[in-house]
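Okay, here's what each chain looks like letter by letter:
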Amino acid sequence: MNFSELIKVRHSVRKYIPKKVEPEKRNAILEAGRIAPTAANLQPVKVLVIEEETGLSKLEKAANIYGAKLALIVCASHSTAWKRPFDGKKTTDIDASIVTDHMMLKATELGLGSVWICYFKPDILKREFNIPNDLEAVNILAVGYSGETVIPTKDRKDMAEFAFFEQL
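Every value quoted in this text rests on a predicted model; they were computed, and no experiment measured them. (Residues numbered from 1 in each chain as written. Predicted model: local features only at pLDDT ≥ 70, side-chain atom pairs only at ≥ 80, totals over all residues. Heavy atoms only, no water.)

**Let's talk about the overall build of the protein chain**
- A count of helices and strands for the protein chain gives six helices and four strands.
- Each helix (α) and strand (β) of the protein chain, taken in turn from the N terminus, gives the series α-α-β-α-β-α-β-α-β-α.
- Taken over the C-alpha atoms alone, the protein chain extends approximately 55 × 40 × 25 Å along its principal axes.
- The 168 residues of the protein chain split such that 40% are buried.
- Across the protein chain, the fraction of contacts at a sequence separation of at least 24, relative to all contacts at a separation of at least 6, is 79%.
- Of the roughly 10,400 Å² of accessible surface on the protein chain, a fraction of 56% belongs to carbon and sulfur atoms.
- Across the protein chain, the centroid of the 24 positively charged side chains sits 3 Å from that of the 22 negatively charged ones. (Helix = DSSP H or I, 4+ residues; strand = E, 2+ residues; numbered from the N terminus. Buried < 20%, exposed > 50% of the residue type's maximum accessible area, 1.4 Å probe, protein only. Contact = heavy atoms within 4.5 Å. Areas by Shrake-Rupley, 256 points an atom, 1.4 Å probe, with all protein chains shown as cover. Lys, Arg positive; Asp, Glu negative; His and termini not counted. Charge placed at Lys NZ, Arg CZ, Asp CG, Glu CD.)

**Overview of the packing of helix α2 (residues 23-34) against helix α4 (residues 92-109)**
- Across the interface, α2 lies against α4 with an axial gap of 7 Å and an inter-helix angle of 145°. In the packing of α2 onto α4, the handedness of the crossing is right-handed. Side by side, α2 and α4 meet where Ala-28, Ile-29, Leu-30, Ala-32 and Gly-33 of the first sit next to Val-99, His-102, Met-103, Lys-106 and Ala-107 of the second.
- Split into classes, the residues belonging to the contact of α2 with α4 amount to seven nonpolar, two polar and one charged. (Axes fitted to C-alpha atoms, helices over the stretch in contact; angles between N-to-C directions. Left-handed = near helix turned anticlockwise from the far one by under 90°. Nonpolar A, V, L, I, M, F, W, Y, C, P; charged D, E, K, R; others polar.)

**Considering the nonpolar core**
- Counting 23 residues, the largest nonpolar core has Leu-59, Ile-65, Ile-73, Leu-125 and Ile-140 as its most contacted members.
- Secondary structure elements with two or more residues in this core: α3 (53-59), β2 (70-77), β3 (113-117), α5 (122-128) and β4 (135-144).
- Those residues in contact with Ile-73 that sit more than four places away from it in its chain are Lys-46, Val-47, Leu-48, Ile-50, Leu-59, Leu-125, Phe-129, Ala-137, Asn-139 and Ile-140.
- Ranked by size, the runner-up nonpolar core spans 18 residues in total, among them Val-45, Ala-107, Leu-141 and Val-143. (Core = buried A, V, L, I, M, F, W, Y, C linked by side-chain atoms within 4.5 Å.)

**Overview of unusual backbone geometry**
- Look at Gln-43: it is not a glycine, yet its phi comes out positive at around 50°.
- As for its placement among the helices and strands, Gln-43 is situated in the loop between α2 and β1 (45-50).
- On the accessibility criterion, Gln-43 (46% relative accessible area) is partly exposed.
- You will see that Tyr-66, though not glycine, has its phi angle at about 60°, which is positive.
- Mapping Tyr-66 onto the fold places it in the loop between α3 and β2.
- Residue class for Tyr-66 comes out partly exposed when judged on its relative accessible area of 29%.

**Regarding the packing of aromatic side chains**
- In total, this model carries zero aromatic pairs according to the counting rule given.
- The lysine or arginine in question, Lys-19, covers the ring of Tyr-145, its NZ or CZ lying 4.3 Å from the ring centre. (Phe/Tyr/Trp six-rings, centres within 6.5 Å; stacked < 30°, edge-to-face > 60°. Lys NZ or Arg CZ within 6 Å of the ring centre and 35° of its normal.)

What follows is the structure in structure tokens.
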């Protein structure tokens, strides 16, 4: 499947069958995230891999992962992230998002479903998984074998609503 086809079939999956993701697939997904670009190549992102039942149960205290058997908690370091000198903006969310997107697309390529989760309780994640103070959990990527029978349609804005061009 080429890239244009891949991005058209990728969708958020909110129902998974109880089948574990194979280590080879998990590792390929992590590798896609590891090689993702980050600002100034500082690589401030760390991914906490949750795949054992104990960890998945702990995670359910903080977020709904829809029965996925693999969850990747994407964290970013505030002390390592690049900071724009003009206004001090840190790239923690941006870098974590690029890493997440790469992993999400790799999961799709491997025939797995995923859903990007930002609706979670960060204090519970930090406590349950002993996430160091310097790391912020930015999002969770739930990954697994889809239990959905219908692929939802993707309604998108027309190009004229999405893009605007410079006026010369």
